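Each chain, letter by letter, is given below.
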Amino acid sequence: MVTENARITLSYNDHRTWFLHIRNVQETDRGWYMCQINTEPMTSQKGYLQVVVPPKVIEEESSMDLIVKEGSDMVLQCKAQGYPEPYIMWRREDGLDINYNGITVNVIDGEKLMIRKISRLHMGSYLCVASNGVPPTRSKRINVTVHFPPMLMIPNQLEGARIGDSSKLECHSEANPPSINYWTNERGDMIVSGSRFLDDKIRTGYVCKMILHISNVSVADFSSYRCVAVNALGETDGIIKLYEITTAVESSNEILFEGENYKYSVNVTEVTDYLDETTGAIYDNVTSYVSSSHTLAHSFVLYLILISIKDNLLNIV
């Protein structure tokens, strides 16, 4: 045995079968080995030792956790070593598909992951997975955080309530870093939770659901309310109008529409044959008491008059 390596030893069986032993195999042991018999001429046989190495991610040459601004480009890099050369792929840790520059994929091959015009939907943890057929497979987790200014969504910009009832105003905001969310009244004063007002916030990731509860609604509460979201990148707001729901009562010959600040009374006194081109309906005693302009009330009275005419014509037919 021609070597001075202490990890390599030789054994034999009756001088007919010889064995070469290599302990703690290393990459440097990869190569050709020759068994030689010193005859004349010399007899030999060669054998190749292939040393495989499981993959290993090179941390210093791979990306760390990343914070990017929405709309910018993102590049993640992952380097690995091993033998054979490792194959690298990217996927989301949560298993969701990736919107990769206009196409939807689940896995992306290569050392680099580049996404143009990143959005908040790209936020999450990404896994760089290195494999070469030699277990174990290695992976590196990289968390991607996307920053963007607040954005508001209002399910209903007009909410109705009756005096004495409870009401709920709702705004949804999206922002990262998380926004500061609050409500103001029509004068611009911040609304603080108290006996009749409750400012409730439900946060899920970068989404915040803002809910303003108003109990025992009074006349003074019928106004505009502003929901506001602010973070380091910007500010946005939205307005919700709270209006009064009134009650309509119908009697045998009178339609009464009454609210807090207004009253309408319409009496139907006569209905003649409309098919004979005579008067279809005669309305008298139309009274109204209005202390302020209420377009909704006017429209509702007109609607009730038209409904009454329709019913009377059907009775004639």
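Please refer to the structure placed before this passage.
Residues numbered from 1 in each chain as written. Predicted model: local features only at pLDDT ≥ 70, side-chain atom pairs only at ≥ 80, totals over all residues. Heavy atoms only, no water.

Along the backbone of the protein chain there are one helix and 26 strands. For the protein chain, buried positions account for 31% of its 317 residues. Considering only intrachain contacts with a sequence separation of at least 6, the fraction spanning at least 24 residues in the protein chain is 53%. Summed over its atoms, the accessible surface of the protein chain is roughly 20000 Å², and 52% of this surface lies on carbon and sulfur atoms. (Helix = DSSP H or I, 4+ residues; strand = E, 2+ residues; numbered from the N terminus. Buried < 20%, exposed > 50% of the residue type's maximum accessible area, 1.4 Å probe, protein only. Contact = heavy atoms within 4.5 Å. Areas by Shrake-Rupley, 256 points an atom, 1.4 Å probe, with all protein chains shown as cover.)

Taken as a whole, this structure holds three aromatic pairs when the rule is applied. When the centroid spacing of 5.2 Å and the interplanar angle of 70° are considered together, the rings of W32 and Y48 count as edge-to-face. Taken together, the residues span a long stretch of sequence, with W32 in strand β3 (residues 31–37) and Y48 in strand β4 (residues 43–49) at a distance of 16 residues. Here W32 falls in the exposed class, since its relative accessible area comes to 61%. The exposure class assigned to Y48 is partly exposed, which follows from its relative accessible area of 43%. Across from the ring centre of Y126, 5.5 Å away, lies the NZ or CZ of R92, which sits over that ring. Cation over ring: R120 sits above F148, and NZ or CZ is 3.8 Å from the ring centre. (Phe/Tyr/Trp six-rings, centres within 6.5 Å; stacked < 30°, edge-to-face > 60°. Lys NZ or Arg CZ within 6 Å of the ring centre and 35° of its normal.)

This part covers the state of the cysteines. This model, assessed by the stated rule, comprises two disulfides. What pairs with C171 in a disulfide is C227, and their sulfur atoms sit 2.0 Å apart. Because the torsion about its S-S bond is -65°, the bridge between C171 and C227 counts as left-handed. In this pair, C171 sits in strand β17 (residues 167–176) while C227 sits in strand β21 (residues 224–231), placing the two residues 56 residues apart along the sequence. Relative accessible area serves as the criterion here: at 0%, C171 is assigned to the buried category. Ordering the disulfide-forming cysteines of the protein chain by sequence position, one finds them joined as 1-2, 3-4. Looking at the unpaired C208, the closest cysteine sulfur is the one in C171, lying at 9.9 Å. (Disulfide = S-S within 2.5 Å.)

This next bit is on the nonpolar core. In terms of nonpolar packing, the biggest core is built from 22 residues, with L76, W90, Y126 and V144 touching the most fellow members. Secondary structure elements with two or more residues in this core: β7 (74–77), β9 (87–92), β13 (112–115), β14 (124–131) and β15 (138–153). Ignoring sequence-local partners within four residues, the contact set of Y126 consists of L76, W90, R91, R92, E93, I98, L113, I115, K140, R141, I142 and V144. Counting residues in each nonpolar core, the second largest holds 17 residues, with L169, I191, L212 and C227 among its members. (Core = buried A, V, L, I, M, F, W, Y, C linked by side-chain atoms within 4.5 Å.)

Right, let's talk about the pattern of salt bridges for a bit. Inspection of every chain in the model, using the stated rule, returns 14 salt bridges. The residue E70 makes a salt bridge to R120 at a minimum N-O spacing of 2.9 Å. Placement of the pair is E70 in the loop between β6 (66–69) and β7 and R120 in the loop between β13 and β14, with a sequence separation of 50 residues. E70 gets classed as partly exposed once you look at its relative accessible area, which sits at 27%. (Salt bridge = Lys/Arg side-chain N within 4 Å of Asp/Glu carboxyl O.)

This paragraph deals with the pairing of β7. The two faces of β7 differ: M74 and L76 on one face are buried, but V75 and Q77 on the other face are not. Bridging between β7 and β13 involves four bridges; their strand directions are antiparallel. Residue Q77 lies in a different strand from β13, and its bridge partner there is K112. (Pairing = 2+ DSSP bridges.)

As summarised here, the arrangement of the four strands in space is β16-β22-β21-β18, forming an open sheet in which the pairing is mixed. In the strand order of this sheet, the two ends are held by β16 (158–161) and β18 (180–184), each with one partner. Sheet twist, expressed as the average angle between the axes of neighbouring strands with direction ignored, equals 25°. Here β21 pairs with strand β22 (residues 234–244) via eight bridges, running antiparallel. Following the sheet pairing, V228 is matched in β22 by D237. (Axes fitted to C-alpha atoms, helices over the stretch in contact; angles between N-to-C directions.)

It is worth spelling out the side chain of S62 at this point. Relative to the elements of secondary structure, S62 occurs in the loop between β5 (53–57) and β6. The buried category is assigned to S62, whose relative accessible area is 9%. One polar contact links the side chain of S62 to the main-chain amide nitrogen of K79, over a distance of 3.0 Å. (Polar contact = N/O pair within 3.5 Å; in protein donor to acceptor, adjacent residues only side chain to side chain.)

Quick look at the pairing of β21 now. Among the eight residues that make up β21, six are buried, leaving the element largely enclosed by the rest of the structure. Across five bridges, β18 lies against β21 in antiparallel orientation. Note that in β21 the partner of Y182 across the bridge is V228. The turn joining β21 and β22, which pair antiparallel and follow one another in sequence, is formed by two residues.

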